[in-house]
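An overview of the molecular structure
Chain residues, written in single-letter form:
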Amino acid sequence: MLSPISQVGVDATDWFLATHSPITCEDSAGPVEQQDLFEELFAASKPETLVIVKGEHGAGKSQLINWLKLRFDDALAHGEHPGVGKRRLRSVLIRRRSGSLKDALEQLVEQLPEYERYLAKIQAAIAGVSGEAAKRRLYTEMQHCLLATRDATHKKLKALDEVFNANATVAWLCRKGGAIDRNIRRLTEESDVAAREALPPFTDEDFDFPANARFGFDDDLADRLSDDEALRRDAATRATEHLRQAIAGLTGLRGHTLNEIFRQIREEMQRQGEALALFVEDVSTLSVLDEELINALQPLNDPALCPLLSVLGMTVPAFNRLPDNLRGRTDRVLEILPQASLTTSEAGGDATDRFVARYLNGLRVGPQQVHVLGDDVRHYGDQRHSACEECALKSKCFEAFGAVRFGEAEVGLYPLSPGAARRLLSGLTDTKLLTPRTLLQFVVLRLLGGMAKESRSVNLGMSIEPRSPRDLLVEQDRMLIGWTADQKGRIPFLLYYWTGSETLAGGATSLSPMLPWFGHPPFSQGTAPRPSPVRPQAPEPKPRVPLVPEVSSKYTEAINRLQAWFRLERPLEGDSDFRKMLAAVITQSLPLDDVREPSDRIRRASGSIDASNIEIEGMIRKPSVASKARFSFSRSEEIFQLLTDLSAFEHLGRKSWRFPGGEDARRRYGTWLANNADKLIRSFDFSSSKPADAIRVGIRFLHLAYRFSNRKDLPPDKAGAVEAIVSFKPTPALTLTASTQELAASLPQRVQEIRDFIVEEQAVRQGTGGINFIDPRPFIEHLSAPPEDLSLGEIDAAKTVTDYPAIGRLIASKWAKLDEVLGEEQRALYRLTYSLEPLLRAWGLSTGSIPDALREYLEGARAVIKACEAAGQSLGDSGLQNQIRDLAPAVVSRYVLAIEDAIKVLEAEPVSVLNLDIASVKDTVDFVSRADNAIQRLQQTLAERLSEVLTEEEVEMDRNNALSAIDELVALGSEESGAAGAKV
């Protein structure tokens, strides 16, 4: 419950009131008390007032602004009339909460639902500031902003806008962890005050582009960014200068847009006779729209607009960044000094002690009773009850550590002492900002944590400057005999801070009664008797006005109805009154923050719990059919007593236990609640199916999805496996059949859906905020299934669809038949792999071993290409030719290994497909097919060319034929010559 940040949610109002300390701020005229400020603002008749409350982190701006909001609401609830007359004053508070722009805008929309039509642009802004699409839009807005100022930019970076307009740079500039990604997450995720002081800047790393992103923009700029680190830093500086404008453009609310939205709302409120009081805890939650908001709230002196009071919290750096013209438009600037809550003069003791005592008392009464303290503040202005009153150790504790008085109540300071908180705050070494938040965060929280540990550190868990006693060297041999070294080492931290004394002799008397509480032995030398502590006297009490009559007629009537219902077993008249009381028990008293089963999702599905969810035996009205969770109460002595005590709480104490006999009633109620809390919590679960079965199916699916997406098994260690399951991002995996492609396409959405379901079911949340922890045991149990098990497990499909729609859709999908789907995929893999066989056989290769034949083929293909290149012959496809030429042994082995892995999968069960990178097999087959087609075309071309060229054998044959012909001619000539001679 204890937090250094103001707790002001609906359920934390009592805690806020109980622990709030009065705050004094200052303006140009001097100090301003919080009550005086409220009265001035509430009574203000000006139609428009703009007030800025500035201060350092943790000074109390949120405390003051929330107190003003609560005080406004209380005054209106009690019929007090504000300065705006008879108008209905609407008060809106934008809390810091997560600190994101998205959250701040959502709060504005939620609190003005009837003005939704005017808030459409804000709703569009909420939807548009998250996700990958938002990164791309911010990337584009950066280009627009840089382009608009291009002419005024140094020539070296004049083309910087092109960097944000090149397809090659998008992935790099929008990468996770880059400036664009960090700024988008700042708009939507939780952040602290210090982080919101400035936008995440661009860095030189953002402009150190990888090789595949150094094109698509000015070539000269690309080269210089690659070579010159100083230029990259200059580029980052220039880009950062335009971030605010670009983000404002991303939201769609820059310029006069936000101004116009508020104007339209105020015009409508004027027509409706309303006035608006707007309180903003921290303007920095609006990020780049902080100045736009102040512009929208500045006085306009327009009678068409409703009266407007604006109170805005700002850190000092944020205020100092405002232009002079905006500062001049504010009506009043108040400043809260760092220790304003700790130095305000209060009756009854040191202000710092009283500040801490309020928190300690709130912790001690616990969440079940803190409302008593809240009611004290509402009625009396401060606490009037102390958790110490009934403590058996009160006397000894007060004697050792002292107490602070609030009215007639005394609150013990343990584990601090008078003045200790102030001295510890001044002695901190890890912060120089001495504010109330610092006191809580670095002193109280750490001290309570240190005191809770059996083995306490020397400095009790705080980073404080040691203050060794001046006389330690002289006195330790007299007073610290028998002390261990660790115990002696704690004296420099205990003595001064807890007693204020700088000498051991001077402070021993005060420290002596505290020693046993810190686990220390007594001083070895006796100390002087400690005088009785002088406790601050209570101021003279003012006459009290009775809160309620001694006996309420409504109480008497309620008891009479209960008596008739229980004693006479009659129907319960006016049962809605009692059902409302019991509904309040459910919503306000059960420790739901620590509950895992039923899950937060199931409880939310029940909707808001009210009287319709309550069933009392013998009630007249029938239970609501529409209500989901059902809480049943029997007609019994126990429930009769419970309803009697709740009636007294409602009517005699006016929602408190402050009435005669109230303490006994409170104890009875606490006992009943402790005995029945588990039963009531179980009643939230209206589902008819078993959540454990649905969780098992979900975890089994995530296991299979991980293997399907990543093509490998989970890490062998349990912690690594659980981490992988809850954090992996599904990546597109190449598949071969329509069924597996359908699974792959739906995988990202289905993984997120199932993961969200499991986290919701297994998470234990921290208050109304984020997840405290996730129970890992179901993950460990269900991730132990054997790898060959592809089933999601047995589950009642009909019930599951109703109770767990996401799981119902899952078991109705093909994921429930993954073994069949993988069998089909394995058959497609067979066809793909063995499509190589006829190709290899066509080249005369033995296909007894396809991997061996493939290796021989690839090596031969490389040799062919090299021979062709040596002869000046081209393949006609330079890329493919280079790829074949580069078939080094390692590359060949990679292709061969892909086919070997595929064959192993084909020889195993279909589940082994989940361990195979099908893309590598497909790439191998595609490459071989392309290479084969190209080589065949080359062979055909060469054959055609060679058909016109004579071989040596053909030339020799022609030569021989020619010689033979010549010989024949010679012989023929000889014969003819001989014949002629004979005739002669």
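Residues numbered from 1 in each chain as written. Predicted model: local features only at pLDDT ≥ 70, side-chain atom pairs only at ≥ 80, totals over all residues. Heavy atoms only, no water.

A few words now on the overall build of the protein chain. The helix and strand inventory of the protein chain stands at 45 helices and 13 strands. Relative to its full complement of 984 residues, the protein chain shows a buried share of 49%. Summarising the internal contacts of the protein chain: among those between residues at least 6 apart in sequence, 72% fall at separations of at least 24. Only carbon and sulfur atoms are counted for the fraction: they give 51% of the accessible area of the protein chain, which is about 47400 Å². (Helix = DSSP H or I, 4+ residues; strand = E, 2+ residues; numbered from the N terminus. Buried < 20%, exposed > 50% of the residue type's maximum accessible area, 1.4 Å probe, protein only. Contact = heavy atoms within 4.5 Å. Areas by Shrake-Rupley, 256 points an atom, 1.4 Å probe, with all protein chains shown as cover.)

We now examine the nonpolar core. Counting residues in each nonpolar core, the largest one holds 76 residues, and the members touching the most others are F701, W815, Y857, L858 and I884. In terms of residue count, the dominant contributor to this core is helix 33 (residues 691-710) (10 residues). L858 has contacts with L887, V892, Y895, F927 and V928, leaving out every residue within four places of it along the chain. Counting residues in each nonpolar core, the second largest holds 47 residues, with V370, A420, L428 and Y496 among its members. (Core = buried A, V, L, I, M, F, W, Y, C linked by side-chain atoms within 4.5 Å.)

What follows concerns the environment of I52. Assignment of secondary structure puts I52 in strand 3 (residues 48-55). When the C-alpha positions of I52 and G313 are compared, they lie 5.9 Å apart, and in sequence the two are 261 residues distant. With sequence-adjacent residues up to four places away left out, I52 is seen in contact with I294, L312, M314, F319, L322, T330, R332, V333 and L334.

With that settled, the discussion passes to the pairing of strand 8 (residues 403-406). Where burial is concerned, the two faces of strand 8 agree: the one with A403 and R405 and the one with V404 and F406 are both buried. Note that strand 8 and strand 9 (residues 409-412) share 4 bridges and pair antiparallel. Along strand 9, the bridge assignment pairs F406 with A409. Connecting the antiparallel pair strand 8 and strand 9 is a turn made up of 2 residues, with G407 showing a positive phi of about 65°. (Pairing = 2+ DSSP bridges.)

This next bit is on the packing of aromatic side chains. Pairs of aromatic rings are described using the distance from one ring centre to the other and the angle between the two planes. Summed over the entire model, instances satisfying the criterion amount to 29 aromatic pairs. Above the plane of the ring of F319 lies R327, whose end atom (NZ or CZ) is 5.0 Å from the centre. Above the plane of the ring of F728 lies R755, whose end atom (NZ or CZ) is 5.0 Å from the centre. (Phe/Tyr/Trp six-rings, centres within 6.5 Å; stacked < 30°, edge-to-face > 60°. Lys NZ or Arg CZ within 6 Å of the ring centre and 35° of its normal.)

Okay, the pattern of salt bridges next. Following the criterion strictly, the structure yields 43 salt bridges and no others. For the salt bridge of R71 with D74, the shortest nitrogen-to-oxygen distance reads 3.8 Å. With R71 and D74 both in helix 3 (residues 61-77) and 3 residues apart, this pair spans about one turn of that helix. The exposure class assigned to D74 is partly exposed, which follows from its relative accessible area of 29%. The closest approach of N and O atoms between R90 and E274, which form a salt bridge, is 3.5 Å. Remark: E274 occurs in strand 5 (residues 274-280) and R90 occurs in strand 4 (residues 88-94); sequence separation between them is 184 residues. The pair formed by R90 and E274 is uniform in burial state, with each residue classed as buried. (Salt bridge = Lys/Arg side-chain N within 4 Å of Asp/Glu carboxyl O.)

Right, let's talk about the pairing of strand 6 (residues 308-315) for a bit. Of all 8 residues in strand 6, 8 are buried; the element is thus mostly enclosed. Residue alternation in strand 6 divides its side chains into two sets, L308, S310, L312 and M314 and L309, V311, G313 and T315, and both sets are buried. Of the strand pairs in this sheet, strand 3 and strand 6 are connected by 8 bridges, and their pairing is parallel. Bridge assignment links K54 to a residue of strand 6, and that residue is M314. The pairing of strand 5 with strand 6 spans 5 bridges and is parallel. Within the sheet, the bridge partner assigned to L276 lies in strand 6 and is L308.

Turning next to the confidence of the model for the protein chain. On average, residues of the protein chain score 81 in pLDDT, and 84% of them are at 70 or above. Confidence, expressed as mean pLDDT per element, reaches its minimum in the protein chain at strand 13 (residues 771-774) with 54 and its maximum at helix 12 (residues 229-241) with 93. Long-range and interchain partners of residues 1-10, a stretch whose pLDDT sits below 50, account for 35 contacts in this model, where long-range means more than four residues apart. (pLDDT = per-residue confidence, 0-100.)

If you walk through the whole model with that rule in mind, you get 0 disulfides. We note that C397 lacks a disulfide partner, and the nearest cysteine sulfur, in C388, lies 6.3 Å from it. (Disulfide = S-S within 2.5 Å.)

Within the secondary structure, R478 sits in helix 24 (residues 472-479). Residue class for R478 comes out partly exposed when judged on its relative accessible area of 33%. Residues R478 and S524 lie 46 residues apart in sequence; the distance between their C-alpha atoms is 6.7 Å. Not counting the four nearest positions on each side in its chain, R478 is found in contact with S524 and Q525.

Moving on, we come to the side chain of S739. You can see S739 is positioned in helix 35 (residues 738-762). Excluding residues within four positions of it along the chain, S739 makes contact with K814, V821 and E824.

One can find D575 in helix 29 (residues 575-589). Here the side chain of D575 touches I620 through a polar contact of 3.0 Å, landing on its backbone nitrogen. Of note is the side chain of D575, whose polar atom sits 3.2 Å from the backbone nitrogen of R621. Excluding its chain neighbours within four sequence positions, the residues that come into contact with D575 are M619, I620 and R621. (Polar contact = N/O pair within 3.5 Å; in protein donor to acceptor, adjacent residues only side chain to side chain.)

Looking now at empty space enclosed by the protein. Scanning all chains against the criterion turns up 5 cavities of 30 Å³ or more. The computed volume of the second largest cavity comes to approximately 120 Å³. Broken down by element, the lining of the second largest cavity gets its largest block of residues, 3 residues, from strand 5. Here the residues of the lining of the second largest cavity are counted per class, giving 14 nonpolar, 2 polar and 1 charged. (1 Å grid on protein atoms, 1.4 Å probe; cavity = no way out; pocket = protein on both sides within 12 Å on 5 of 7 lines; lining within 4 Å. Points joined across faces, edges and corners; volume = space filled by probe spheres on them. Nonpolar A, V, L, I, M, F, W, Y, C, P; charged D, E, K, R; others polar.)

Compared with the 24 Å implied by 1.5 Å per residue over 17 residues, the 24 Å span of helix 3 between its first and last C-alpha is a close match. Counting buried positions along helix 3 gives 12 out of 17 residues, so the element sits mostly inside the fold. Considered for burial, the residues of helix 3 that qualify are K61, S62, Q63, L64, I65, N66, W67, L68, K69, R71, F72 and A75. Where helix 3 ends, the next residue or the one after it, G79, has phi of about 80°, a positive value. (Expected span 1.5 Å × (residues − 1).)

Let's shift gears to the packing of helix 39 (residues 818-833) against helix 43 (residues 889-907). One way to put it is that helix 39 packs onto helix 43 with a least axis distance of 10 Å and a crossing angle of 140°. When the axis of helix 39 is compared with that of helix 43, the two are oblique. Crossing angle aside, the handedness with which helix 39 passes helix 43 is left-handed. Residue-level contacts link Q826, L829, Y830 and T833 of helix 39 to I899, A902, I903, V905 and L906 of helix 43. The residue makeup of the contact of helix 39 with helix 43, split by class, is 7 nonpolar, 2 polar and no charged. (Axes fitted to C-alpha atoms, helices over the stretch in contact; angles between N-to-C directions. Parallel < 35°, antiparallel > 145°, perpendicular 65-115°, else oblique. Left-handed = near helix turned anticlockwise from the far one by under 90°.)

What follows concerns helix 26 (residues 491-499). By the criterion of burial, helix 26 is predominantly enclosed, with 9 of the 9 residues buried. Taken as a whole, helix 26 has its buried residues at I491, P492, F493, L494, L495, Y496, Y497, W498 and T499. The first or second residue beyond helix 26 is G500, which carries a positive phi of 80°.

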